[in-house]
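Structural features, examined
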Amino acid sequence: MKTNLQKENTAKINQITEGVIWKQLLLFFFPILFGTLFQQIYNTADTVVVGRFVGKEALAAVGGSSSMIVNLIVGFFVGLCSGAAVVISQYYGAKDSKNLKKALHTSMIFCLAASVVVGMAGFILAEPILHLMKTPAEVIPDSVLYLHIYFAGTFFNLVYNMVSSILRSVGDSKRPLYVLIITCLLNILLDVIFVVSFHMGVLGVALATVSCQAVSAILVTWFLMRANDIYRLKIHEIRFDAHSLAAVLRIGLPAGLESVMYNIANLTIQIFVNELGTDTVAAWGTLGKIDAVFWMVCNAFAISITTFVGQNYGAGKYRRMQKSVRVCMIMAYITAFIVSGGIFLFAEPIYRLFTTDQGVVDIGVHMIRFLIPSYALYVVIGILSGALRGAGKVLIPMILTCGGVCLIRIIWLFVFVTRHPGINNIMLSYPVSWVITAVLFVIYYFSHFPGIRKEK
């Protein structure tokens, strides 16, 4: 039986199923957006510090192949976290306390076990993968050092991602934001101390990153343990439940595989970029930090709509699900055009924040002006994928994404770019794959989204 206080708190947080959609979307979206912004500042601080105070080789080491490897291995686990988030959001919307607690505590023990596997895999495979990716020889030593330290502390990264996903799934997007603000400021401070004051180079950046991840993991876990609601974490209840684990993996595994395929495609692109020299590698890695502002907007809307759809699906409110997707799509497009326009217009001064090397700046500005206008194509994919995931439909969207975005991109590289090498043709793989995938998602959404055919 739930206490009156628990019922009160559920009603208070669960405005996602009751309030005005656009207002509730914004109230949920902005903490996620600012949280992602601080996460990006957190990551970008490393790149800025090493780029300006160590050199372009260190910049390429932190922002090039190393970043791709981290995204590949950690991204798979983050996809699995989305499975826990969807399952918990559906139970929370249905006010199913018993199953929610089982899913919560199963997710935590799964997280602990996975952190051991992910950390060991990343540590062992770092150097072989760097060589496989044809990373420039002068960049490899620093890249290996960075990755070894990063994966040695991966436990904290995975715990933070799991717990923050759980908090967002029940509508609490504010406290993960507070944690990111604290750790972002701490990361900048430690970067300056370790790199600028102590001249520790890439080692200092890696130590600063892992230290801040430890702080963030401790804080969000403390919030979850102190929650005065049905999703409170209790250490003595952490154990595997077969049914809950199956439910989490049913949704999370396709999302994790989708993330892996995305990152394999990006790794493949990185291999082609690596053959163009250190300047291009540094410019490409820096572009990944700059355009992350756009992706964080899309991802914040995608997380928002996943939670909205998940809770309303659990509550049986199908018409509200449909309306929330339409509203979210409009809001996402307005924001995306503003952000991409700003990046396009201020490309050169933004790049100069990262490096004073004119060759790197010139290549980077060209990349932005060539690629950014096509980014709006991805909005449809992000929002519809998030909505379908919230309703528990994950297998076909995963196939569409892996085939439409990842496979086509890889085929493009090996069939077209090998015959016509150059950075423009490498970048062209993005809009080509987005157009095809967006069309497939629209067709699938209107055919299979819950309630669409029933409530036209």
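Owing to the predicted nature of the structure, the values given are computational and were not obtained by experimental measurement.

**Looking at the overall build of the protein**
Counting secondary structure elements, the protein contains 19 helices and zero strands. Its C-alpha radius of gyration of 21 Å places the protein within 12% of the 23 Å reference for a compact globule of 456 residues. A principal-axis box enclosing the C-alpha atoms of the protein has dimensions of 65 × 50 × 35 Å. By the burial criterion, 59% of the 456 residues in the protein qualify as buried. The contacts in the protein between residues at least 6 apart in sequence include a share of 85% that link residues at least 24 apart. When the accessible area of the protein is evaluated, it comes to approximately 18,100 Å², of which 68% is carbon and sulfur surface. For the protein, the separation between the mean place of its 34 positive charges and that of its 21 negative charges on side chains is 16 Å.

**Some points on the confidence of the model for the protein**
Of all residues in the protein, 94% have pLDDT values of 70 or greater, and the mean over the chain is 83. Here residues 1–11 is modelled with pLDDT under 50, and outside its nearest four sequence neighbours on either side it reaches 14 contacts, counting other chains as well.

**Re the nonpolar core**
Among the nonpolar cores identified, the biggest contains 146 residues, and I69, F77, W284, V325 and F449 are the most heavily contacted of them. With 15 residues, the single largest contributor to this core is helix α4 (residues 65–94). Leaving out residues up to four positions away in the same chain, F449 has contacts with V309, M321, Q322, V325, A387, L388, A391 and Y444.

**Digging into the packing of aromatic side chains**
One pass over the structure, following the stated rule, counts 20 aromatic pairs. Members of the aromatic cluster, joined through ring pairs, are W284, F294, W295, Y375, Y378, Y430 and W434. Positioned over the ring face of F344 is R369, at 5.9 Å from the centre of the ring.

**As for the side chain of S143**
The topology assignment puts S143 in helix α6 (residues 140–152). Assessed through its relative accessible area of 0%, S143 is described here as buried. The contact partners of S143, leaving out residues within four places of it in the chain, are A61, S66 and L130.

**Quick notes on the pattern of salt bridges**
Where charged atoms from two side chains of opposite charge come close, those side chains can pair. Taken as a whole, this structure holds two salt bridges when the rule is applied. Ionic pairing is found between D172 and R175, a salt bridge with its closest N-O pair at 2.7 Å. Since its relative accessible area comes to 10%, D172 is described here as buried. The shortest N-O distance in the salt bridge between R352 and E348 comes to 3.1 Å. On the criterion of helical spacing, the pair formed by R352 and E348 is a turn pair, its members being four residues apart in helix α14 (residues 347–352).

**As for empty space enclosed by the protein**
Applying the stated rule across the entire model yields two cavities of 30 Å³ or more. Space inside the second largest cavity adds up to approximately 40 Å³. Around the second largest cavity sit I251, P254, A255, E258, S385, R389, K393, V394 and P397, which together line it. Taken together, the elements giving at least two residues each to the lining of the second largest cavity come down to α10 (242–274) and α16 (377–390). For the lining of the second largest cavity, the leading source of residues is α10, giving four residues. Partitioned by chemical class, the residues of the lining of the second largest cavity number five nonpolar, one polar and three charged.

**A few points about a nonpolar patch on the surface**
On the surface, V116, V117, M120, F123, I124 and L125 cluster together into a nonpolar patch covering about 580 Å² of accessible area. Summarising the element assignment, F123 is placed in helix α5 (residues 97–132). Of the residues examined, F123 reaches a relative accessible area of 39% and is grouped as partly exposed.

**What about the state of the cysteines?**
Within the structure shown, the criterion is met by zero disulfides. The cysteine C298 is free of any disulfide, with C328 supplying the nearest cysteine sulfur at 9.9 Å. Residue classification places C298 among the buried positions, given a relative accessible area of 6%. C402 takes part in no disulfide bond, and the closest cysteine sulfur, belonging to C406, lies 5.1 Å away. Of the residues examined, C402 reaches a relative accessible area of 12% and is grouped as buried.

Conventions and cut-offs
- Residues numbered from 1 in each chain as written.
- Predicted model: local features only at pLDDT ≥ 70, side-chain atom pairs only at ≥ 80, totals over all residues.
- Heavy atoms only, no water.
- Helix = DSSP H or I, 4+ residues; strand = E, 2+ residues; numbered from the N terminus.
- Rg over C-alpha atoms; globule rule 2.2 N^0.38 Å.
- Buried < 20%, exposed > 50% of the residue type's maximum accessible area, 1.4 Å probe, protein only.
- Contact = heavy atoms within 4.5 Å.
- Areas by Shrake-Rupley, 256 points an atom, 1.4 Å probe, with all protein chains shown as cover.
- Lys, Arg positive; Asp, Glu negative; His and termini not counted.
- Charge placed at Lys NZ, Arg CZ, Asp CG, Glu CD.
- pLDDT = per-residue confidence, 0-100.
- Core = buried A, V, L, I, M, F, W, Y, C linked by side-chain atoms within 4.5 Å.
- Phe/Tyr/Trp six-rings, centres within 6.5 Å; stacked < 30°, edge-to-face > 60°.
- Lys NZ or Arg CZ within 6 Å of the ring centre and 35° of its normal.
- Salt bridge = Lys/Arg side-chain N within 4 Å of Asp/Glu carboxyl O.
- 1 Å grid on protein atoms, 1.4 Å probe; cavity = no way out; pocket = protein on both sides within 12 Å on 5 of 7 lines; lining within 4 Å.
- Points joined across faces, edges and corners; volume = space filled by probe spheres on them.
- Nonpolar A, V, L, I, M, F, W, Y, C, P; charged D, E, K, R; others polar.
- Patch = residues over 30% accessible without salt bridge, like charges linked within 9 Å, V, L, I, M, F, W, Y side chains within 5 Å.
- Disulfide = S-S within 2.5 Å.

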